[in-house]
Amino acid sequence: MHNKNMLVVAFALFHIVVFGQQDTTAIHLDAVILKTVNLQKSIFKTQDVSELVQRINTGKDLAHHLQSLTGVQIRKSGANVSKPIIDGLSSSRIVYMINGVKLENQDWADSHSPEIDADLANILSVLRGAESVKYGSNALGGVVNIETGRIPDNTSINGSATVHYSQNTRGMGSNLKLQQNLNLIKGLRWRIGTNYTKHGDYHNQEYNVANSGTSLNSYQTEIEYAVKNVKFKSFYSYYNSKQGNYFGALTGNIEEFEERIKHGKPLVTFPYSFNLHAPYQESTHQIASTSVDWKFAPHYFLKSHYSYQKNQKEEFDIRRSALSSVPIQDLTLTANHLDIELGNKINNRYSALGFQIRSKTNYNQPGTGVTPSLPNYIYMENSLYTHHTLKLKQWMLNAGLRYDWAFMNARGINFLGQNYGENKNFSALSAQVAAKRSTEMWDFYSSLSYGWRVPESYELYANGKQHGIPIYYVGNMNMSPEKGQKWMNSITYKTTNTSLEFQGFINRIEDYIYAVPTHQYKQLFSGPAAIFQFKQQDALLAGIDIIHATDINSNINLINKFSWIQGHEIRSKAALPNISPIRVHSTLSYQLPVLANFQDNSFRLSHEWTAKKNDFNPDYELSSNTPPAYHLFNLSASTSYPIDKNSVLKFTTSVDNLFNTLYKDYLNLHRYFVHDRGRSINVNIQFNF
């Protein structure tokens, strides 16, 4: 017991020391877990990330945790900014749910990632079925569900402490989670979590990528109280991140800009640094929520959920004299959500009727000295929905209907000093049907969804430079909402040792919105920026995933995944930008026997092949070619050492990009100027108690 207490104190002190060294910057996403949503509410297909994969990815951002899932790719903007792509769609076409709260943030173009700390999450689910009825507008691509999970019944203080190190960036971090079922007051449970991570520049086989570091600090608190048939839950989270942006894309004139794209890597390199300089961005996101679940009759219950969010985003660029310390963008977004749902569950049937009120306000803080790229605006959305699930022997059926009404009032001043803006009203009907059948050897699933998405303010009114590489976005205030119809199917054959699954989807999106280069430039103080303009056309996305898993013997497991996706404009047949090339991923796992009290000993070797993107439209790219195909190999090993019946030490080490391959990813916006990350050795030590 003495040793256990010493370990708890040691991990806690380490975290405090690391946390205490933070600057005002920081960002990082940690461990995220994916799990299924409650089947009582949804039968749409979900995926979850294993606890081992979560430990391997500790210290990495949310998108990297999700990357292991079928149908999920990553859209990156340099080393630090990344967001998941689900079936070809990302950004505001994906809904992020954090402990039941729909994330509202300044998701302006590709240079911003969702403000989510994955290391403090215990459950994360990815839903590919575009369940618009339950989650509302914007769920055209899918839903990422992040939860801390149920607080266990243990009446003593329990939790985990983790430290991790990444050799490539010389980054390190720690997190601490504590929870308890408080025995003094029956029904009262609490949980707290805190995390800090900081990375310096990353490097690849040939050079260091300057100003590519990042840092993150965050904390969360939860309290839960249950009495008779009523349960109260409150949740608060604070997230602060700072992300450096590579500045080698900034040039003095258009000829140099085009020459650097042609060269494809830095003309001048700089030594490694742990510090961040302009250009960089800093985000602070707070969530406060409270919910009440009341079972007021044997088969009836009422759920209510209110949340408040405040998101502040500051972007710093290279400016004259001391102005680099003044942000060029200083945005504050506040949001309020109210959800109320009345449900009943009788035998094998579940039904729900609910309404939602969603409002958000964006405000440009004055004093930046730069014309805001986005206007001030108010957005309000009222929704009414119903969904039903029925289980009939081997079948499960689901259907739902939803109606949304939205209002936007946007007002701004452009760089000529002229006022612009307007009031806009939107409304739409969403619907879904789904069916699932399971037998001993076969699983079949099919869903058909119809949803919509209101154009974001930046798509309507943007008039400013993208943070990161110099791209100047121009919005189009005449755009209409997107409306998508997604049909998704999967069929799985499974035996005792083997399973084979085919997944396929077709997603037809009316008035699909995307940004493409005009091949013209805007001359700014920091140099020329390529002008991208938003447009919309009807588009068709389709994809196939094949997953094969087999137990070669009791200790060896092999998983192979193949992913193909295509996206085209319906009228012109031209390829859409930012659609992933073909990817093949294989993982060989070996479970070793217990050795000298070390348990759960495992070894994994994985290989990923990414094809060259051949189906692309040169008019929609900054260069006339795409990166060549590449192979990546990764290694990991894990073991556990039980200290007593209630505590265990877990050691995990991994090597990313084992052969230090020099490569570029088509989905990385910085591919025009730099290569991706080289070899990295990572170490993770976790103490569960």
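Owing to the predicted nature of the structure, the values given are computational and were not obtained by experimental measurement. (Residues numbered from 1 in each chain as written. Predicted model: local features only at pLDDT ≥ 70, side-chain atom pairs only at ≥ 80, totals over all residues. Heavy atoms only, no water.)

Turning our attention to the overall build of the protein chain. Looking only at helices and strands, one finds six helices and 33 strands in the protein chain. The C-alpha atoms of the protein chain give a radius of gyration of 25 Å, which matches the 26 Å a tight globule of 689 residues would have. Considering only C-alpha atoms, the protein chain reaches an extent of 65 × 55 × 50 Å along its principal axes. Burial analysis of the protein chain (689 residues in total) assigns 56% to the buried set. For the protein chain, the proportion of contacts with a sequence separation of at least 24, taken over those separated by at least 6, is 68%. Of the roughly 28100 Å² of accessible surface on the protein chain, a fraction of 59% belongs to carbon and sulfur atoms. (Helix = DSSP H or I, 4+ residues; strand = E, 2+ residues; numbered from the N terminus. Rg over C-alpha atoms; globule rule 2.2 N^0.38 Å. Buried < 20%, exposed > 50% of the residue type's maximum accessible area, 1.4 Å probe, protein only. Contact = heavy atoms within 4.5 Å. Areas by Shrake-Rupley, 256 points an atom, 1.4 Å probe, with all protein chains shown as cover.)

The next point concerns the pairing of strand E21 (residues 419-438). Alignment of strand E20 (residues 395-413) against E21, held across 19 bridges, turns out to be antiparallel. When the bridges of E21 are listed, Met-396 appears paired with Lys-436. The antiparallel pairing of E20 with E21 creates a hairpin that spans five residues between the two strands, and Gly-417 there sits at a positive phi of about 80 degrees. Of the strand pairs in this sheet, E21 and strand E22 (residues 442-453) are connected by eight bridges, and their pairing is antiparallel. Paired with Ala-431 across the bridge in E22 is Tyr-450. (Pairing = 2+ DSSP bridges.)

The next thing to look at is helix H5 (residues 254-263). Sitting at the head of H5, Asn-253 places a side-chain oxygen 3.1 Å from the backbone nitrogen of Glu-255. At the exit of H5 stands Gly-264, carrying a positive phi of roughly 80 degrees. (Polar contact = N/O pair within 3.5 Å; in protein donor to acceptor, adjacent residues only side chain to side chain.)

Another aspect to go through is the pattern of salt bridges. For side chains of opposite charge, pairing can occur when their charged atoms come near one another. If you walk through the whole model with that rule in mind, you get 27 salt bridges. Its salt-bridge partner being Arg-189, residue Asp-153 comes within 2.8 Å of it at the nearest N-O pair. Here Asp-153 is found in the loop between strand E7 (142-147) and strand E8 (158-166), whereas its partner Arg-189 is found in strand E10 (residues 188-199), with 36 residues between them in sequence. Judged by relative accessible area, Asp-153 falls into the partly exposed class, the value being 46%. We note a salt bridge from Glu-206 to Lys-265, for which the minimum N-O separation is 3.1 Å. With a gap of 59 residues between them, Glu-206 in the loop between strand E11 (202-203) and strand E12 (208-209) and Lys-265 in the loop between H5 and strand E15 (280-297) connect regions that are remote in the sequence. Using a relative accessible area of 45% as the deciding quantity, one classes Glu-206 as partly exposed. Among the residues examined, Lys-265 registers a relative accessible area of 30% and is labelled partly exposed. Residues participating in the shared-partner salt-bridge network are Glu-104, Arg-358, Lys-360, Glu-381 and Glu-456. (Salt bridge = Lys/Arg side-chain N within 4 Å of Asp/Glu carboxyl O.)

Before going further, it helps to spend a moment on the pairing of strand E6 (residues 123-127). Counting buried residues in E6 gives five out of five residues, a clear majority hidden from the surface. Residue alternation in E6 divides its side chains into two sets, Ile-123, Ser-125 and Leu-127 and Leu-124 and Val-126, and both sets are buried. Where strand E1 (residues 46-48) meets E6, three bridges bridge the pair, whose relative direction is antiparallel. Within E6, the position partnered with Thr-46 by the bridge is Leu-127. Two elements, E6 and E7, share five bridges in a ladder whose sense is antiparallel.

In total, this model carries 22 aromatic pairs according to the counting rule given. Every member of this aromatic cluster is reached through a ring pair, and the members are Phe-257, Tyr-521, Tyr-672 and Phe-673. Lying over the aromatic face of Phe-505, Lys-486 brings its terminal NZ or CZ to 5.3 Å of the ring centre. (Phe/Tyr/Trp six-rings, centres within 6.5 Å; stacked < 30°, edge-to-face > 60°. Lys NZ or Arg CZ within 6 Å of the ring centre and 35° of its normal.)

It is worth spelling out the nonpolar core at this point. One finds Ile-469, Tyr-473, Phe-532, Phe-534, Phe-673 and Val-674 to be the most contacted residues of the largest nonpolar core, which totals 40 residues. Contacts of Ile-469, omitting those with residues within four sequence positions, involve Ala-249, Leu-669, His-670, Tyr-672 and Phe-673. Core analysis: the next-biggest nonpolar cluster, separate from the first, contains 21 residues, Ile-86, Ile-94, Val-101 and Ala-118 among them. (Core = buried A, V, L, I, M, F, W, Y, C linked by side-chain atoms within 4.5 Å.)

So, on to the side chain of Thr-58. With respect to the secondary-structure elements, Thr-58 resides in the loop between helix H2 (51-56) and helix H3 (62-66). What makes Thr-58 buried here is its relative accessible area of 12%. Among the polar contacts made by the side chain of Thr-58, one reaches the main-chain carbonyl oxygen of Arg-55 at a distance of 3.0 Å.

What follows is about the sheet that holds E1. Ordered by their spatial adjacency, five strands build an open sheet running E1-E6-E7-E4-E5, and the pairing between neighbours is mixed. Every interior strand has two partners, whereas the edge strands, E1 and strand E5 (101-102), have only one. By the bridge criterion, two bridges tie strand E4 (residues 94-98) to E5 in an arrangement that is antiparallel. Bridge pairing in E5 places Met-97 opposite Lys-102.

Moving on, we come to unusual backbone geometry. Here the bond from Ala-278 into Pro-279 is cis, since omega is 5 degrees, no more than 30 degrees from zero. Mapped onto the fold, Pro-279 is located in the loop between H5 and E15. One non-glycine residue, Asp-87, adopts positive backbone phi at about 50 degrees. Mapped onto the elements of the fold, Asp-87 is located in the loop between strand E3 (81-86) and E4. If you check the backbone angles, Arg-170 has positive phi at about 55 degrees while not being a glycine.

Looking at where Glu-314 falls in the secondary structure, it is placed in strand E16 (residues 300-316). Comment: no salt bridge for buried Glu-314; closest opposite-charge side chain is Lys-242, at 9.3 Å. Non-local contacts of Glu-314, meaning those with residues more than four positions away in its chain, are made with Tyr-280, Gln-281, Glu-282, Pro-327, Gln-329 and Asp-330. (Lys, Arg positive; Asp, Glu negative; His and termini not counted.)

What follows concerns a nonpolar patch on the surface. Residues Leu-392, Trp-395, Leu-397, Met-441, Trp-442, Phe-444, Ile-491, Tyr-493, Leu-500 and Phe-502 make up a contiguous nonpolar surface patch of roughly 850 Å² in combined accessible area. Of all the secondary-structure elements, those providing two or more residues to the nonpolar patch are E20, E22, strand E25 (482-494) and strand E26 (498-524). Along the chain, the position of Phe-444 falls in strand E22. (Patch = residues over 30% accessible without salt bridge, like charges linked within 9 Å, V, L, I, M, F, W, Y side chains within 5 Å.)

Attention now moves to the environment of Ser-351. Examined against the element boundaries, Ser-351 turns out to sit in strand E18 (residues 349-364). Filtering out sequence-adjacent residues up to four positions away, Ser-351 remains in contact with Leu-342, Gly-343, Asn-344, His-387 and His-388. A polar side-chain atom of Ser-351 sits 3.2 Å from a polar atom in the side chain of Arg-349. Within the local environment of Ser-351, its side chain forms a polar contact with the side chain of His-388, the two groups lying 2.8 Å apart.

Moving on to the environment of Lys-303. Within the element layout of this structure, Lys-303 appears in strand E16. The sequence separation of Lys-303 and Ser-291 amounts to twelve residues, and the corresponding C-alpha distance is 7.3 Å.

Below, the discussion takes up the environment of Ala-288. Structurally, Ala-288 is set in strand E15. Sequence separation between Ala-288 and Asn-398 is 110 residues, and the spatial gap between their C-alpha atoms is 32 Å. Residues within four places of Ala-288 in sequence aside, it is in contact with Phe-235, Tyr-236, Tyr-306, Ser-307 and Tyr-308.

Our next topic: the confidence of the model for the protein chain. Any residue range with low pLDDT should be treated as having predicted coordinates unsuitable for detailed reading. Residue-level pLDDT values for the protein chain average 88, and 92% of them are 70 or greater. Across residues 16-37 the pLDDT falls below 50, and counting only partners more than four positions away or on other chains, this stretch makes 122 contacts in the model. (pLDDT = per-residue confidence, 0-100.)

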